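Each chain is listed here by its residues.
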Amino acid sequence: MAEEKGALQSAREWVVEHKLRAVGALWLSGIVGSIAYNWSRPGMKTSVKLIHARLHAQALTLAALGGSALVEYYDHHKGSGSKVHQYAKQFLSSDSSSQKE
């Protein structure tokens, strides 16, 4: 019987494969959530609400980029075959074989 992956493991694999999409989706959800939260608070100008929403989304995006960097660092040191190493091996091996000819 094939081993089934858990939801957390499959989500992690998707995030590792699509880091920038994950960060962009997090930014978008952060800005939408922050705008919704700020609109429920009376007594602030619209411009202040938009500025707060942008700042919240920016902080969330920086945290996501930091998390993405940690995942890449962990994958690099664990040796689980990050994309950078796969591409480097592929292109460096093809370059060295073409230089030998």
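As annotated in an unreviewed UniProt entry, the protein carries the name HIG1 domain-containing protein and comes from Eleusine coracana subsp. coracana. As its UniProt record puts it under Subcellular location (unreviewed entry), the protein is described as follows: "Mitochondrion".

Peer 1: How should the overall build of the protein be read in this particular structure?
Peer 2: What the protein contains, in helices and strands, is four helices and zero strands. Within the protein, contacts between residues at least 6 apart in sequence are counted, and of these 42% link residues at least 24 apart. Counting only carbon and sulfur atoms, one obtains 64% of the accessible surface of the protein, whose full area is about 8000 Å².

Peer 1: Help me out: how do you make sense of a nonpolar patch on the surface in this one?
Peer 2: On the surface, L20, L62 and L65 cluster together into a nonpolar patch covering about 330 Å² of accessible area. Relative to the helices and strands, L62 resides in helix α3 (residues 46-78).

Peer 1: Teacher, can you tell me more about the packing of aromatic side chains here?
Peer 2: Aromatic ring pairs are reported here in terms of the distance separating the ring centres and the angle at which the planes meet. The tally for this structure, following the rule as stated, stands at zero aromatic pairs. If you follow K49 out to its NZ or CZ, it ends over the ring of W39, 5.1 Å from the centre.

Peer 1: Honestly, helix α2 (residues 19-39) in this entry has me stumped. Any pointers?
Peer 2: In an α-helix, one turn spans 3.6 residues; hence positions three or four apart end up facing the same way. For α2, built from 21 residues, the straight-helix expectation of 30 Å at 1.5 Å per residue is met to within 8% by its first-to-last C-alpha distance of 30 Å. Restricting attention to buried positions, one finds in α2 the residues K19, A22, V23, G30, I31, S34 and N38. Viewed end-on, α2 has its buried residues packed into an arc of 165°, placing them on one side of the element. Away from its buried face, by an angle of more than 90 degrees, α2 presents the exposed residues R21 and V32. Contact partners of the buried residues in α2: α1 (7-17) and α3.

Peer 1: Would you explain the environment of G33 in this entry?
Peer 2: Within the element layout of this structure, G33 appears in helix α2. Since its relative accessible area comes to 37%, G33 is described here as partly exposed. Taking the C-alpha atoms as reference points, G33 and A57, 24 residues apart in sequence, are found 8.8 Å from one another.

About the criteria used
- Residues numbered from 1 in each chain as written.
- Predicted model: local features only at pLDDT ≥ 70, side-chain atom pairs only at ≥ 80, totals over all residues.
- Heavy atoms only, no water.
- UniProt positions renumbered as here; feature names shortened; annotations may be inferred.
- Helix = DSSP H or I, 4+ residues; strand = E, 2+ residues; numbered from the N terminus.
- Contact = heavy atoms within 4.5 Å.
- Areas by Shrake-Rupley, 256 points an atom, 1.4 Å probe, with all protein chains shown as cover.
- Patch = residues over 30% accessible without salt bridge, like charges linked within 9 Å, V, L, I, M, F, W, Y side chains within 5 Å.
- Salt bridge = Lys/Arg side-chain N within 4 Å of Asp/Glu carboxyl O.
- Phe/Tyr/Trp six-rings, centres within 6.5 Å; stacked < 30°, edge-to-face > 60°.
- Lys NZ or Arg CZ within 6 Å of the ring centre and 35° of its normal.
- Expected span 1.5 Å × (residues − 1).
- Buried < 20%, exposed > 50% of the residue type's maximum accessible area, 1.4 Å probe, protein only.
- Arc of directions from axis to C-beta.

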